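Residue-level structure breakdown
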Amino acid sequence: MGSSTSTRPARSTVPVVPAPGEKRHHQVLIIGGGNAGVSLAGRLNRYRVKDIAVIEPRSRHLYQPLFSHIAGGTADAFDAVRLQSAVMPRGVTWIQDKATDVSTGTKTVLLESGSAVTYDHLVVCPGIQNDWAAIPGLKDAMEGPYGGSNYEYELAPKAWKLFRELTSGTVVFTQPPGPASCDGAAQKPMYLACDYWRRTGVLQDIRVVLVVSTPTIFGMDIIDEELTRKIDEYGIEVRYSTELASVDPEARTVVLRPSPDGSTGAHGSTGGSTGGS
Ligand SMILES: Cc1cc2nc3c(=O)[nH]c(=O)nc-3n(C[C@H](O)[C@H](O)[C@H](O)COP(=O)(O)OP(=O)(O)OC[C@H]3O[C@@H](n4cnc5c(N)ncnc54)[C@H](O)[C@@H]3O)c2cc1C
């Protein structure tokens, strides 16, 4: 038996790139190599499950919880990125491709490359796709000069640039009302930005509006109490039971409406707010 010398880093998984028409089989097949897919693969691997494969098209793994800190100026964008090859558990097969169809009848997943993978067990965890087009004007606002978000890797450094350069005006923060990845995380960059504006002496010249679809700030008394203390401290205007209806990126205005669950909270109202400096 000969010895082998690897020039690859210690933890690095080389992806399988299937050829069109190719057929493979795996005992456990996981669609999506984000936090859920990778951690599940790692856990099953530790339980000595053999033959696990993860389908993941991207070469970069993004650690989403850090996006809030990138937008809030307390982390570098670089820190949220790892090579997918470095986070894939050793011994797990990484299929670098995109799942396009699942047939539970034949236990087959079709891939974008035109190849197919059959499985004994399938786990589907492709995450959530942000639908910016669901709110009129929001996509244009995100692509324009005055919109930013911690919900996309590319938009988080842009948000921090906007916060950093702002010295006066109105900023509207909104929390997604529908299914969203960690919806409360929408508030994190706001507190960090307020802290920055206070440190740099401009907070009193900036009107900060927070739009939440719920009647309280978080929904748990102990957390509501603490967040309300910070909201009062920073002078944030909260529009409870309210959601974003539309954005006019040219005029830099937003239209708000009562959230469908009805009750407009104590501070709730429908109206527009301007954004920017
Ligand atoms: C701004 C923000 C802050 C957050 N803060 C926190 C926090 O503080 N604490 C906390 O616990 N959670 C937090 N979360 C939530 C946490 O990041 C998510 O719950 C977690 O990343 C979800 O992991 P996932 O694997 O389900 O999805 P993702 O991490 O989105 O991964 C999904 C993967 O599936 C892949 N994929 C998509 N479609 C296909 C396809 N057709 N075929 C193959 N692969 C596909 C994608 O390329 C992606 O790599 C935050 C999220 C955000 C956005």
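Residues numbered from 1 in each chain as written. Predicted model: local features only at pLDDT ≥ 70, side-chain atom pairs only at ≥ 80, totals over all residues. Heavy atoms only, no water.

**A short note on the nonpolar core**
One finds Trp-197, Ile-217 and Ile-236 to be the most contacted residues of the largest nonpolar core, which totals 34 residues. Of all the secondary-structure elements, those providing two or more residues to this core are helix H2 (67-71), helix H5 (155-165), strand E9 (169-174), helix H6 (188-199), strand E10 (206-211) and helix H7 (221-234). Among the elements that take part in this core, H6 stands out by supplying six residues, more than any other. A domain-level breakdown of this core finds at least three residues from each of domain 1 (23-124) and domain 2 (132-276). Those residues in contact with Ile-236, other than ones at most four positions away along the chain, are Met-190, Tyr-191, Cys-194, Val-208, Leu-210 and Ile-231. Ranked by size, the runner-up nonpolar core spans 15 residues in total, among them Ala-141, Ala-185, Ala-186 and Leu-256. (Core = buried A, V, L, I, M, F, W, Y, C linked by side-chain atoms within 4.5 Å. Buried < 20%, exposed > 50% of the residue type's maximum accessible area, 1.4 Å probe, protein only. Helix = DSSP H or I, 4+ residues; strand = E, 2+ residues; numbered from the N terminus. Domains from an automatic or database assignment. Contact = heavy atoms within 4.5 Å.)

**Focus: the confidence of the model for the protein chain**
Summary statistics for the protein chain give a mean pLDDT of 91 and a share of 90% for residues scoring 70 or more. Residue range residues 1-9 is modelled with pLDDT below 50. Its contacts to residues more than four positions away, or to other chains, number two contacts. Note on residues 262-277: pLDDT is under 50 here. Beyond four places in sequence and across chains, it has 45 contacts. (pLDDT = per-residue confidence, 0-100.)

**Considering the pairing of strand E2 (residues 52-55)**
A two-sided burial pattern is seen for E2, the buried positions comprising Ile-52 and Val-54 on one face and Ala-53 and Ile-55 on the other. Direction of pairing for strand E1 (residues 23-31) relative to E2: parallel, over a ladder of four bridges. Note on E2: the bridge partner recorded for Ile-30 is Val-54. Inspection of the sheet shows E2 paired to strand E5 (residues 93-95) by three bridges, in the parallel sense. Across the sheet, residue Ile-55 finds its bridge partner in E5, namely Ile-95. (Pairing = 2+ DSSP bridges.)

**Quick look at the packing of aromatic side chains**
Two aromatic rings are characterised by how far apart their centres lie and by the angle between their planes. Counted by the stated rule, this structure contains four aromatic pairs. Here Trp-160 and Tyr-196 contribute two aromatic rings whose centre-to-centre distance is 4.9 Å and whose plane-to-plane angle is 75°, an arrangement assigned as edge-to-face. Of this pair, Trp-160 sits in helix H5 while Tyr-196 sits in helix H6; the two residues are 36 residues apart in sequence, bridging distant segments of the chain. Each member of the pair Trp-160 and Tyr-196 is classed as buried. (Phe/Tyr/Trp six-rings, centres within 6.5 Å; stacked < 30°, edge-to-face > 60°.)

**Brief notes about the site of the ligand**
Every one of the 23 residues lining the ligand counts as a neighbour, but Ala-36, Glu-56, Gln-64, Ala-99 and Lys-188 are closest to it. Side-chain polar atom of Gln-64 to an oxygen atom of the ligand: 2.9 Å apart, as the coordinates give it. At 3.0 Å, a backbone N or O of Ala-99 approaches a nitrogen atom of the ligand. Here the shell around the ligand is built from residues that sort into eleven nonpolar, eight polar and four charged. A domain split of the shell around the ligand shows at least three residues from each of domain 1 (23-124) and domain 2 (132-276). (Near = heavy atom within 4 Å. Polar contact = N/O pair within 3.5 Å; in protein donor to acceptor, adjacent residues only side chain to side chain. Nonpolar A, V, L, I, M, F, W, Y, C, P; charged D, E, K, R; others polar.)

**Considerations on the pairing of E10**
In terms of burial, E10 is a largely internal element, five of the six residues being buried. With six bridges connecting them, E9 and E10 associate as parallel partners. The residue bridging Val-172 from the neighbouring strand is Val-209, located in E10. Since E9 and E10 lie parallel, the crossover through H6 that links them has a hand, and here it is right-handed. (Right-handed = clockwise from strand over helix to strand, strands pointing away.)

**Here's the deal with the side chain of Gln-187**
Residue placement: Gln-187 occurs in the loop between E9 and H6. Residue contacts for Gln-187: discarding those within four places in its chain leaves Gln-175, Leu-210, Val-212, Ile-217 and Leu-227.

**Topic: the sheet that holds E9**
Strands sit in the order E9-E10-E11 across an open sheet of three strands; the sheet is parallel. What marks the edges here is a single partner per strand, and that holds for E9 and strand E11 (237-239). The average angle at which neighbouring strand axes cross in this sheet is 20°, direction not considered. (Axes fitted to C-alpha atoms, helices over the stretch in contact; angles between N-to-C directions.)

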